[in-house]
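# Working through the structure, step by step
Here is what each chain is made of, one letter per residue.
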Amino acid sequence: MGDPTYAQPDRPGRPGLPEPVTPAGRDGLSALLARPERAVVALDFDGTLAPIVADPEQARAHPDAVPALAALAPRLRSVAVVTGRPAGVAVRYGGFAGVAGLEHLVVLGHYGAERWDAVTGTVHAAEPHPGVAAVRAELPGFLDAIDAWRGTWIEEKGRAVAVHTRRAQDPQAAFDALREPLAELAARHGLIVEPGRMVLELRPPGMDKGVALEEYLREVGAESVLYAGDDLGDLPAFGAVEKLRSDGVAGLLVCSGSTEVTDLAGRADLVVDGPPGVVGLLSAIVARLP
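Computed from a predicted model, the values in this text were never measured in an experiment.

## Focus: the sheet that holds strand 7 (residues 161-164)
On the basis of which strands lie adjacent, the open sheet formed by four strands has the order 6-7-9-8 and antiparallel pairing. Both outer strands of the open sheet, strand 6 (153-156) and strand 8 (192-195), are each paired with one neighbouring strand and no more. Ignoring which end each strand starts from, the neighbouring axes of this sheet average 25 degrees apart. As paired elements, strand 7 and strand 9 (residues 199-203) share four bridges and run antiparallel to each other. Looking at the pairing, Val163 lines up with Leu200 of strand 9. Sheet contacts for helix 5 (residues 171-188): strand 7, strand 8 and strand 9; angle to strand 9, the most-contacted strand, approximately 5 degrees.

Structural data, given as C-alpha cells:
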C-alpha cells in the first residue's frame, strides 16, 4: 500500500471515526458497527495499548486504554489482548483484572501458549519448551564471547528469552549484528528468533499471534474482527485476518504507527498514531455503537 497515511477523521457526520483506506477495511469496520455482538476486537499490548519504553518492565497501558476497553467490551462478542509477554505480566501491566466491563476479557500470552480469562482470573499454559532453559543459561556467556554485551540486555520472559538493543550506542546496528548469531543459537536449541522493535526474542516454534488469533476467533464464532498491532510479531496476525476474510469473516487491520517499523503500516487498512491513536479509535467506535 506504499507509505503509511495516518488516520484522519472521515467525512462530516462521523466525527472522530477515521476512515480505513481500503475497501476490505471499510467492510470490516462496517461489519463491526452493524453487528458488534458478533465482533471481536483483538489488540497487541506493547506499542499498541502501552507506549514503548526503554525498560519493558516499566511498560504500562495508556491511561485511557482500560476505560476505553471497559466501555467497548460489553457491546462486543469479545475483547482479546494478544501478546508475546507472559499472560499474567500483561494483565498486571495493563491493569485488566477486576475491572467492571472487562469481566470476559481474554489475554493470549506468549503468542497463545498461555491464556488468562478474566471470568476465572487464572492462567492456563502448555508445557514449556526445554530449549528455552538451555538458551537462558547460555545466553550471557554467548553475548560476552561475541563482544555484544555492552549496551544490550536480556529480558526473562518465562517461555522465551529476549535480547534488547535499545540502550546500545547504535541500537539498529547492534540489532542487525545480533540477528544471525542469535538465530544460530536459537536453532541449536530448537527455537526460533522473533524480531521486534530493537529486540530479538528467542522462543519455541509453531506458535505465533496468527495461530492464536485464528483459533480464538473460530472458538467464539466471530463474524468480524479488528486487530491492532505495531510490530513485526503482529504480521502473522495480519496474515490470519487476511486469510479469514476469504472465509467470510470481515476484518479491519490497524497499525499503531511507528517510525521504527514500517512493514505493518504497508499492510494495514488504517494507521493511527501509536497507543493514543488506538485509544482514540476505540473510543470513537464506542461513540458510534447504539
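Next comes the rest of the description.
## A few points about the pattern of salt bridges
For the structure shown, the criterion picks out 20 salt bridges. Measuring nitrogen to oxygen at the nearest pair gives 3.3 Å for the salt bridge that ties Glu223 to Arg38. With a gap of 185 residues between them, Glu223 in the loop between helix 6 (209-220) and strand 10 (224-229) and Arg38 in the loop between helix 1 (23-34) and strand 1 (39-43) connect regions that are remote in the sequence. What emerges from the salt-bridge pattern is a single network uniting Arg35, Glu37, Arg38 and Glu223.

## Examining the nonpolar core
Burial of nonpolar side chains together is a common tendency in soluble globular proteins. With 45 residues, the main nonpolar core has Val41, Leu43, Phe96, Val107, Leu226 and Ile285 as its most contacted residues. When residues of this core are assigned to their parent elements, the largest contribution, seven residues, is made by helix 8 (residues 274-288). Setting aside anything within four residues of it in sequence, one finds Ile285 in contact with Leu17, Leu29, Leu32, Leu33, Leu72 and Leu226. Counting 25 residues, the second-largest nonpolar core is a separate cluster that includes Val40, Tyr216, Leu244 and Val249.

## Structural notes on helix 6
Taking 1.5 Å as the rise per residue, helix 6 with 12 residues should run 16 Å; its terminal C-alpha atoms sit 16 Å apart, in good agreement. What helix 6 keeps buried is the set Lys209, Gly210, Ala212, Leu213, Glu214, Tyr216, Leu217 and Val220. The secondary structure elements touched by the buried residues of helix 6 are strand 1, strand 2 (78-82), strand 3 (106-109), strand 4 (114-117), strand 10 and helix 7 (235-246). Where helix 6 begins, the side chain of Asp208 points an oxygen toward the backbone nitrogen of Gly210, at a separation of 2.9 Å.

## Considering the confidence of the model for the protein
Model confidence for the protein is summarised by a mean pLDDT of 91, while 93% of its residues fall at 70 or above. Counting contacts from residues 1-6, a segment whose pLDDT is below 50, to residues more than four positions away or on other chains yields 14 contacts. Per-residue pLDDT stays below 50 along residues 8-15; that stretch engages in 13 contacts with residues further than four places along the chain or on separate chains.

## Some words on helix 3 (residues 87-94)
Most of helix 3 is tucked away: six of the eight residues are buried. The complete set of buried residues in helix 3 reads Ala87, Val89, Ala90, Val91, Tyr93 and Gly94. Those residues of helix 3 hidden inside the fold are in contact with helix 2 (65-72), strand 3, strand 4 and strand 5 (122-125). Where helix 3 terminates, the next one or two residues include Gly95, which has phi positive at roughly 70 degrees.

## Concerning the side chain of Lys209
As for its placement among the helices and strands, Lys209 is situated in helix 6. Within the structure, the side chain of Lys209 is placed 2.9 Å from the side chain of Asp234, a separation counted as a polar contact. With residues near it in sequence (within four places) discarded, Lys209 still touches Asp44, Val82, Thr83, Gly84, Tyr111, Tyr227, Gly233, Asp234 and Ala237.

## Details of the packing of helix 4 (residues 130-145) against helix 5
Put simply, helix 4 and helix 5 touch, their axes get as near as 11 Å, and they point 145 degrees apart. Our pair here, helix 4 against helix 5, has a crossing hand that is right-handed. On the side of helix 4, the interface is formed by Val135, Glu138, Leu139, Phe142 and Leu143, while helix 5 contributes Leu178, Pro181, Leu182, Leu185 and Arg188. A class-by-class count of the residues in the contact of helix 4 with helix 5 yields eight nonpolar, no polar and two charged.

## Digging into the sheet that holds strand 12 (residues 270-272)
Reading across from one edge, 5-4-3-2-1-10-11-12 is the order of the eight strands in this open sheet, with mixed pairing throughout. Only two strands of the sheet have a single partner each, and these edge strands are strand 5 and strand 12. Pairwise comparison of adjacent strand axes, ignoring direction, gives a mean angle of 20 degrees for this sheet. Examined bridge by bridge, strand 4 and strand 5 share four bridges and lie antiparallel to one another.

The rules behind the values
- Residues numbered from 1 in each chain as written.
- Predicted model: local features only at pLDDT ≥ 70, side-chain atom pairs only at ≥ 80, totals over all residues.
- Heavy atoms only, no water.
- Pairing = 2+ DSSP bridges.
- Helix = DSSP H or I, 4+ residues; strand = E, 2+ residues; numbered from the N terminus.
- Axes fitted to C-alpha atoms, helices over the stretch in contact; angles between N-to-C directions.
- Contact = heavy atoms within 4.5 Å.
- Salt bridge = Lys/Arg side-chain N within 4 Å of Asp/Glu carboxyl O.
- Core = buried A, V, L, I, M, F, W, Y, C linked by side-chain atoms within 4.5 Å.
- Buried < 20%, exposed > 50% of the residue type's maximum accessible area, 1.4 Å probe, protein only.
- Expected span 1.5 Å × (residues − 1).
- Polar contact = N/O pair within 3.5 Å; in protein donor to acceptor, adjacent residues only side chain to side chain.
- pLDDT = per-residue confidence, 0-100.
- Left-handed = near helix turned anticlockwise from the far one by under 90°.
- Nonpolar A, V, L, I, M, F, W, Y, C, P; charged D, E, K, R; others polar.

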